[in-house]
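# Understanding the architecture of this molecule
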Amino acid sequence: GMAVEAGLGLATGWGIAVACVLPLLVGGGIAIILSVQPSSWGWLVADAAFFALAALVEEIAFRGYGFQCFARSVGNFGAVLGFAAFYAIVQAMLPGSNRASIAVSIALSLLLSTAYLRTRALWLSWGLNFGWKASRALVFGLAVSGVNNHSSVVEGDPMGPFWLTGGGYGLDGSWVTCFVLVAALPVVF
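An account of the accompanying structure is given in this report. (Residues numbered from 1 in each chain as written. Predicted model: local features only at pLDDT ≥ 70, side-chain atom pairs only at ≥ 80, totals over all residues. Heavy atoms only, no water.)

What follows deals with helix H8 (residues 175-188). Counting along an α-helix, one turn takes 3.6 residues, and residues three or four places apart therefore face a common direction. Between its first and last C-alpha, H8 extends 20 Å over 14 residues, near the 20 Å set by a 1.5 Å rise per residue. By the burial criterion, the buried members of H8 are Val176, Thr177, Cys178, Val180, Leu181, Ala184 and Val188. Buried positions along H8 lie against helix H1 (2-27), helix H5 (99-119), helix H6 (123-139) and helix H7 (162-165). (Helix = DSSP H or I, 4+ residues; strand = E, 2+ residues; numbered from the N terminus. Expected span 1.5 Å × (residues − 1). Buried < 20%, exposed > 50% of the residue type's maximum accessible area, 1.4 Å probe, protein only. Contact = heavy atoms within 4.5 Å.)

This brings us to the packing of aromatic side chains. Evaluation of the coordinates by the stated rule reveals 10 aromatic pairs. Note on Phe67 and Phe83: the rings are 5.4 Å apart at their centroids and 80° apart in plane angle, and the pair reads as edge-to-face. Remark: Phe83 occurs in helix H4 (residues 76-92) and Phe67 occurs in helix H3 (residues 65-74); sequence separation between them is 16 residues. Three or more aromatic residues joined by ring pairs make a cluster, and in this case those are Phe62, Phe67, Phe70, Phe83, Phe86, Tyr87 and Tyr116. Against the face of Phe189 rests Arg118, its NZ or CZ located 4.7 Å from the ring centre. Across from the ring centre of Trp132, 3.9 Å away, lies the NZ or CZ of Arg136, which sits over that ring. (Phe/Tyr/Trp six-rings, centres within 6.5 Å; stacked < 30°, edge-to-face > 60°. Lys NZ or Arg CZ within 6 Å of the ring centre and 35° of its normal.)

It is worth spelling out the layout of surface pockets at this point. Within this model, the largest pocket holds a volume of roughly 300 Å³. Lining the largest pocket are 13 residues; nearest its centre among them are Phe50, Glu58, Lys133, Val144 and Ser145. With six residues, helix H2 (residues 38-63) is the single largest residue contributor to the lining of the largest pocket. Residue composition of the lining of the largest pocket, by class: eight nonpolar, three polar and two charged. (1 Å grid on protein atoms, 1.4 Å probe; cavity = no way out; pocket = protein on both sides within 12 Å on 5 of 7 lines; lining within 4 Å. Points joined across faces, edges and corners; volume = space filled by probe spheres on them. Nonpolar A, V, L, I, M, F, W, Y, C, P; charged D, E, K, R; others polar.)

Our next topic: empty space enclosed by the protein. Under the counting rule described, the total for this entry stands at one cavity of 30 Å³ or more. Considered as a void within the structure, the largest cavity measures approximately 70 Å³ in volume. Every residue along the wall of the largest cavity is listed here: Tyr87, Gln91, Ser101, Val104, Ser105, Leu108, Trp132, Lys133, Ser145, Tyr169 and Asp172. Those elements that place two or more of their residues in the lining of the largest cavity are H4, H5 and H6. The leading source of residues in the lining of the largest cavity is H5, at four residues. Looking at the lining of the largest cavity residue by residue, the classes come out as five nonpolar, four polar and two charged.

Examined against the element boundaries, Leu185 turns out to sit in helix H8. Separated by 75 residues in the primary sequence, Leu185 and Leu110 place their C-alpha atoms 7.8 Å from one another. The residues touching Leu185, leaving out its near neighbours within four places in the chain, are Leu110, Leu111 and Thr114.

Next up on the list: the environment of Phe67. By relative accessible area, Phe67 is classed as buried at 0%. Spatially, the C-alpha atom of Phe67 lies 9.0 Å from that of Gly82, the residues being 15 residues apart in sequence. Excluding anything up to four places from it in sequence, Phe67 contacts Phe62, Ala79, Val80, Phe83, Ser113, Tyr116 and Leu117.

This next bit is on the state of the cysteines. Evaluation of the coordinates by the stated rule reveals zero disulfides. No disulfide involves Cys20; its sulfur sits 9.8 Å from the nearest other cysteine sulfur, which is in Cys178. For Cys20, a relative accessible area of 1% puts it in the buried group. (Disulfide = S-S within 2.5 Å.)

Here we come to the packing of H3 against H4. The relative placement of two packed helices is expressed as an angle between their axes plus a distance between the axes. Close contact between H3 and H4 brings their axes to 7 Å; oriented N to C, the two are set at 135°. Regarding the angle of H3 to H4, the classification is oblique. For the pair H3 and H4, the crossing hand works out as right-handed. Where H3 abuts H4, its residues Gly66, Phe67, Phe70, Ala71 and Val74 lie against Asn76, Gly78, Ala79, Val80, Gly82 and Phe83. Tallied by class, the residues present in the contact of H3 with H4 amount to seven nonpolar, four polar and no charged. (Axes fitted to C-alpha atoms, helices over the stretch in contact; angles between N-to-C directions. Parallel < 35°, antiparallel > 145°, perpendicular 65-115°, else oblique. Left-handed = near helix turned anticlockwise from the far one by under 90°.)

Rendered as structure tokens:
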């Protein structure tokens, strides 16, 4: 079931990213610059591999052995809340983080932990994490946690209010994203 779970996670992550980008398009728009040089496409493949590996490392770190042992000790609910707080603390240390980004970190951690607990495997949560981050960076050219130089093909500059765009921090610092992630919890569950 690895391929099916990863595919479902990827589709869900993509859907969540689209649900966050649509209000951004309506509320202000995204100025997009395309680069179709052959070298840009090679870097796009390298960036996709980077996001796949980074999402896997993050899932192993936050829903792997430590999470599983903690869940056996304090129960699933306690582990989900504990690791959501831990993930939020780690994300709060990033330059440019704010209250919205901390709330988004908590909501994302709850969502990814729910995905893990539904299947007891990392593939669904990995696909969701990969789809969420890679689609924003590589398809829409938006910043991920304040870093906006991932895509060499598509570069997006969001326009609109800070609560909608997240400013330079990207959708990870947007209140709209927090609400979309919370709304996605029943879907994943």
